[in-house]
Amino acid sequence: MTKHTITPVILCGGSGTRLWPLSRKSYPKQFTKLIGDSSLFQQSASRFTSTSFAAPVIVTNSDFRFTATQQLSDVGIDPGAVLIEPEARNTAPALLAAALKVADDDPDALILAAPSDHFIKDTEAFLASVERAIPCARGGQIVTFGIMPTHPETGYGYLELADETPDGCIALRRFVEKPNLQTAQDMLATDRFLWNAGIFLYKASTLVTAFSKHAPDMLETVKTSVADARHDLGFLRLDPTAWAACEDISIDFAIMEKADNLAVIEHEGDWSDLGGWDAIQKQMPVDDAGVSTHGPSLAVDCTDSLLRSESDDVQLVGLGLNNIVAIAMPDAVLVADRSRVADLGVVVKEIRARKVRQADTFPRDYRPWGYFETLTLRDRFQVKRIVVKPGAALSLQSHVHRSEHWIVVAGTARVTVGDDVRLVSENQSIYVPLGAKHRLENPGHVPMELIEVQTGSYLGEDDIVRYEDDYARE
């Protein structure tokens, strides 16, 4: 790309269910390694690391703030502002808040708004599409990126094209919401429609002006939320009172379907929103029988199927399967006909209504200091594996309903129990009585790992009284 200064705005607060059981509310698909050795969020941010781009602005929620910054750090990216949404309000308020933040420094700064969960293999082709969109965006257009359809997809929105403009963009006639199959087939036959990739390029001032014209009430509430935001450990927490008054609406409905300064650039490279397991398989190697496998999986006499084991401890075997998707996690297994995977959202709602923990909760619980995973859970005891990053510390805390026994299995822990502070090394253990103030730290340079045995009348994660916390969690 030619040298420009474009500010990427990356949205990563979503919690999709179409890739359950791998993607769940507590750890959604953008943070998982679906394709390759990095997460979709990391891949998205890594596209924007050339000198043409400023540091990315991240919009996420409180639950994912440490996950997002840690994943960026792991790939050597230092973000700009990290905006914390007090609650989910869809893409319109999120993108407006980011535009207002960027406009504080330069109202005419170009913004590239991108989801964090799309897959684009050819970065150079994508950046070339962005380059072609710059003249339109500098001229006051809101540029959206479209993908030439390869089949009558009912899971995407569409863009209906008008005429090409002098600056190389195509005028947008209208947005079309996700169609039924017959409508999708009819649109595909006209050659006037592209898939809507949900990626936009515009000047910060252009988007703010669009909101002043088409959604003035939202503009005022988001302005207040940004103006009254507070800084917290490097994050910018948007004001919750003003934010709660925002309408829950997408940028397409709030602005794009009403604005008259819209243009389209056809992106001629690869793109997928990885919206379901069928889309995942299209990005995986497929054998002569149409079978894809991942992890410790074995397909015997199978055809047109996808088998993925996401745990080294779970061996998945398919025998004589046809047109099947089988996904194995340590705590949940999906077996579905490939033609029905689009109904996974309904399935998750059903198991959520039955209060099944696996509907929303990921087996590994990521925290700013590291992570833990439950090895076994019964009525009055729980066994966890806890991994603490070098230099990290859990909060100084106590529990009302449980005691704990810690056995260090790798590294060295600094443990505080009451007034006693000691180092606990591999193969050593320590007991934390019910009600005692305690803290766990890793003073070393390698991850520290321990096994925790909890016993008591209640073992929920909300049985924590925090006295001091390096991460300012409430």
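Residues numbered from 1 in each chain as written. Predicted model: local features only at pLDDT ≥ 70, side-chain atom pairs only at ≥ 80, totals over all residues. Heavy atoms only, no water.

Below, the discussion takes up the overall build of the protein chain. Assigned secondary structure in the protein chain consists of 11 helices and 28 strands. Its C-alpha atoms give the protein chain a radius of gyration of 24 Å, near enough to 23 Å, the size a compact globule of 474 residues would have. By principal-axis analysis of the C-alpha atoms, the protein chain measures approximately 75 × 60 × 40 Å. In the protein chain, buried positions account for 52% of the 474 residues. Restricting to contacts in the protein chain with at least 6 residues of sequence separation, those with at least 24 account for 68%. (Helix = DSSP H or I, 4+ residues; strand = E, 2+ residues; numbered from the N terminus. Rg over C-alpha atoms; globule rule 2.2 N^0.38 Å. Buried < 20%, exposed > 50% of the residue type's maximum accessible area, 1.4 Å probe, protein only. Contact = heavy atoms within 4.5 Å.)

With that settled, consider the pairing of strand β5 (residues 142-147). Burial analysis of β5 places six of its six residues in the buried class, which makes it a mostly covered element. Burial along β5 is two-sided: I142, T144 and G146 facing one way and V143, F145 and I147 facing the other are all buried. Note: β5 against strand β11 (residues 262-267), six bridges, orientation parallel. The residue of β11 that forms the bridge with T144 is V264. The pairing of β5 with strand β8 (residues 193-203) spans four bridges and is antiparallel. Paired with V143 across the bridge in β8 is L201. (Pairing = 2+ DSSP bridges.)

The subject of this paragraph is the sheet that holds strand β25 (residues 429-432). Across the sheet, six strands lie side by side as β18-β19-β20-β27-β22-β25; this open sheet has antiparallel pairing. The strands lining the two open edges of the sheet, one partner per strand, are β18 (364-367) and β25. Going across the sheet, the axis of each strand differs from the next one's by a mean of 20°, ignoring polarity. Looking at chain direction, strand β20 (residues 381-388) and strand β27 (residues 448-456) are connected through eight bridges and run antiparallel. (Axes fitted to C-alpha atoms, helices over the stretch in contact; angles between N-to-C directions.)

Next up on the list: the domain arrangement of the protein chain. By the assigned domains, the protein chain splits into domain 1 (6-272), domain 2 (277-354) and domain 3 (364-468). Its C-alpha centre places domain 2 at a distance of 35 Å from the equivalent point of domain 3. (Domains from an automatic or database assignment.)

Next up on the list: the nonpolar core. Ranked by size, the top nonpolar core spans 89 residues in total, and within it L112, I199, L201, W277 and L440 carry the most contacts. For this core, the leading source of residues is helix α4 (residues 123-138), giving seven residues. Non-local contacts of W277, meaning those with residues more than four positions away in its chain, are made with R18, L19, W20, L22, L306, R308, V325, I327, L334, V341 and L344. Membership of the second largest hydrophobic core comes to 50 residues, among which are V59, A98, A254 and V264. (Core = buried A, V, L, I, M, F, W, Y, C linked by side-chain atoms within 4.5 Å.)

With that settled, consider the packing of helix α3 (residues 91-105) against helix α7 (residues 216-227). One can describe the packing of α3 onto α7 by two numbers: an axis separation of 10 Å at closest approach and a directional angle of 55°. Taken together, the axis directions place α3 and α7 in an arrangement best described as oblique. Note that α3 runs across α7; the crossing there is right-handed. Here A92, P93, L96, A97 and L100 of α3 come into contact with α7, specifically with M218, L219, V222, K223 and V226. Split into classes, the residues belonging to the contact of α3 with α7 amount to nine nonpolar, no polar and one charged. (Parallel < 35°, antiparallel > 145°, perpendicular 65-115°, else oblique. Left-handed = near helix turned anticlockwise from the far one by under 90°. Nonpolar A, V, L, I, M, F, W, Y, C, P; charged D, E, K, R; others polar.)

Within the secondary structure layout, V341 lies in the loop between β17 (333-337) and α11 (344-353). Between the C-alpha atom of V341 and that of G269, which follows or precedes it by 72 residues, the distance is 26 Å. Excluding residues within four positions of it along the chain, V341 makes contact with W277, D278, V325 and A336.

What follows deals with the side chain of T32. Mapped onto the fold, T32 is located in the loop between β1 (6-11) and α1 (40-46). Given a relative accessible area of 5%, T32 falls into the buried group. At 2.8 Å, the side chain of T32 forms a polar contact with the backbone oxygen of K29. Setting aside residues up to four positions removed in sequence, T32 forms contacts with L22, Y27, S38, S39 and L40. (Polar contact = N/O pair within 3.5 Å; in protein donor to acceptor, adjacent residues only side chain to side chain.)

The next subject is the environment of L450. Position of L450 relative to the elements: it lies in strand β27. Taking the relative accessible area as the measure of exposure, L450 reaches 1% and is therefore buried. Along the primary structure L450 and K384 are separated by 66 residues, whereas in three dimensions their C-alpha atoms are 8.3 Å apart. Dropping the residues within four chain positions of it, L450 is found in contact with K384, R385, I386, W406, I407, V408, V409 and L440.

One key point about sheets: their strands pair by backbone hydrogen bonds, in either a parallel or an antiparallel sense. Read from one edge of the open sheet, four strands run β12-β14-β16-β17, paired in mixed fashion. Edge positions in the sheet fall to β12 (292-294) and β17, since each has one partner strand and no second. Geometrically, the sheet is characterised by an average inter-axis angle of 5° between neighbouring strands, direction not taken into account. Relative to strand β14 (residues 306-309), β12 runs parallel, the two sharing three bridges. The residue of β14 that forms the bridge with H294 is R308.

All right, on to the packing of helix α6 (residues 204-214) against α7 then. Relative orientation of the contacting elements α6 and α7 amounts to 125°, with a least axis distance of 5 Å. For the element pair α6 / α7, the angle class is oblique. Contacts between α6 and α7 involve V208, F211, S212, K213 and H214 from the former and P216, M218 and L219 from the latter. Broken down by class, the residue content of the contact of α6 with α7 amounts to five nonpolar, two polar and one charged.

We now examine the UniProt feature "domain: Mannose-6-phosphate isomerase type II C-terminal" (unreviewed entry) in the protein chain. The sites that UniProt annotates as "domain: Mannose-6-phosphate isomerase type II C-terminal" (unreviewed entry) are residues 362-469. For residues 362-469, the helix share is 0%, the strand share is 58%, and the end-to-end C-alpha distance is 24 Å. (UniProt positions renumbered as here; feature names shortened; annotations may be inferred.)

This paragraph deals with α4. In an α-helix, one turn spans 3.6 residues; hence positions three or four apart end up facing the same way. With 16 residues, α4 extends 22 Å from end C-alpha to end C-alpha; this agrees with the ideal 22 Å at 1.5 Å per step. Along α4, the helix axis deviates most sharply at R132, where the bend reaches about 30°; the proline P135 sits within four residues downstream. Along α4, the residues that are buried comprise F126, L127, S129, V130, A133, I134, C136 and A137. (Expected span 1.5 Å × (residues − 1). Bend = angle between axes of the 7 residues up to and from the residue.)

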